[in-house]
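Read off the chains here:
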Amino acid sequence: NGKYIMTGSDSGSIKIWDKKVGSLLGNLSFDGLCGSNFSSVQENHIILTFTDGSIKLLDIDAGKILLELKGHNDVVWSAEESFNGKYIISESDDETIKVWDRQTGNLLINLDIGARVTFLMESKDGRNIIATTEFGMIQIWNIETGELQLKLADGKNKECIVKESNDGKYLI
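Residues numbered from 1 in each chain as written. Predicted model: local features only at pLDDT ≥ 70, side-chain atom pairs only at ≥ 80, totals over all residues. Heavy atoms only, no water.

Q: Help me out: how do you make sense of unusual backbone geometry in this one?
A: Apart from glycine, the bulk of residues carry a negative phi angle, and the bulk of peptide bonds sit in the trans form. You will see that Glu95, though not glycine, has its phi angle at about 70°, which is positive. The class of Glu95 is partly exposed, set by a relative accessible area of 29%. (Buried < 20%, exposed > 50% of the residue type's maximum accessible area, 1.4 Å probe, protein only.)

Q: Looking at this structure, I do not really get the pattern of salt bridges. What am I missing?
A: If charged atoms from side chains of opposite charge come close, those side chains can pair. In total, this model carries four salt bridges according to the counting rule given. With a shortest N-O distance of 1.9 Å, Glu81 and Arg102 are connected by a salt bridge. A residue pair is termed long-range when its members are at least 10 positions apart, and Glu81 in strand S8 (residues 76–81) and Arg102 in the loop between strand S10 (96–101) and strand S11 (107–112) qualify at 21 residues. Owing to a relative accessible area of 4%, Glu81 belongs among the buried residues under this scheme. Arg102 sits in the buried class, given a relative accessible area of 7%. (Salt bridge = Lys/Arg side-chain N within 4 Å of Asp/Glu carboxyl O. Helix = DSSP H or I, 4+ residues; strand = E, 2+ residues; numbered from the N terminus.)

Q: Would you take a moment to explain the sheet that holds strand S9 (residues 87–92) for this structure?
A: The pairing of strands in a sheet happens through backbone hydrogen bonds and is either parallel or antiparallel. Taken in spatial order, the four strands of this open sheet run S8-S9-S10-S11, and their pairing is antiparallel. With partners counted over all chains shown, the strands left at the sheet margins are S8 and S11, one partner each. The average angle at which neighbouring strand axes cross in this sheet is 15°, direction not considered. Here five bridges tie S10 to S11, and the two strands are oriented antiparallel to one another. Within S11, the position partnered with Lys98 by the bridge is Asn110. (Pairing = 2+ DSSP bridges. Axes fitted to C-alpha atoms, helices over the stretch in contact; angles between N-to-C directions.)

Q: In this structure, what is going on with the confidence of the model for the protein chain? I would like to understand it.
A: Note: predicted coordinates in regions of low pLDDT should not be interpreted at a detailed level. Here the protein chain shows a mean pLDDT of 86. Residues at 70 or above account for 87%. When mean pLDDT is taken per element in the protein chain, S10 scores highest with 97 and strand S4 (residues 33–38) scores lowest with 79. (pLDDT = per-residue confidence, 0-100.)

Q: How should the packing of aromatic side chains be read in this particular structure?
A: Note on aromatic pairs: each is described by the distance of the centres and the angle between the planes. Inspection of every chain in the model, using the stated rule, returns one aromatic pair. When the centroid spacing of 6.1 Å and the interplanar angle of 80° are considered together, the rings of Phe30 and Phe50 count as edge-to-face. Note that Phe30 is positioned in the loop between strand S3 (24–29) and S4 and Phe50 in strand S5 (residues 45–50), a separation of 20 residues in sequence. One exposure class covers both Phe30 and Phe50, and it is buried. (Phe/Tyr/Trp six-rings, centres within 6.5 Å; stacked < 30°, edge-to-face > 60°.)

Q: So what exactly am I meant to see when it comes to the nonpolar core here?
A: A general trend in soluble globular proteins is that nonpolar side chains are found buried together. Core analysis: the biggest nonpolar cluster contains 13 residues, and Ile89, Ile97, Leu111, Ile113, Val117, Leu120 and Ile129 have the highest contact counts within it. Going through the elements one at a time, S9, S10, S11, strand S12 (117–122) and strand S13 (128–133) are the ones with two or more residues in this core. In contact with Ile97, other than residues within four places in its own chain, are Ile89, Ser90, Glu91, Ile109, Asn110, Leu111, Ile113, Val117, Leu120, Ile129 and Ala131. (Core = buried A, V, L, I, M, F, W, Y, C linked by side-chain atoms within 4.5 Å. Contact = heavy atoms within 4.5 Å.)

Below is the structure:
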């Protein structure tokens, strides 16, 4: 709902701020923390990623870990929750994207990308995962089946970020 701003530092700390009044609401610190993202379903939940390849879902209000996901073999740089709240989607230096059940923590899909992922997003319709790689490849995968839908590359550019048009028809 846009009430909070989260900041992070390379020292492993996260600060939660009240956006309206600018006051600091909390300061959390974790060893090996390398990324964080607000939950799209519950505003008091944060998804944390770590250098040991783990992902944790934290309840800010209770101050406790609700879920810990283990399965990556290298640093997890980002993880996000699907729009419908059913999945957590993560990418790692182990050259994989993983789709996890948000409620149980079970690994549902393991996608071997074959290169380091530089950008990851869910399509606007919630049916696909869109990823770019260090070699400029854009890959689109079905979020529920893990089936590769499309590979794009022109061999000249190393696309590092992708945006989807509002109607979902185009990638920019």
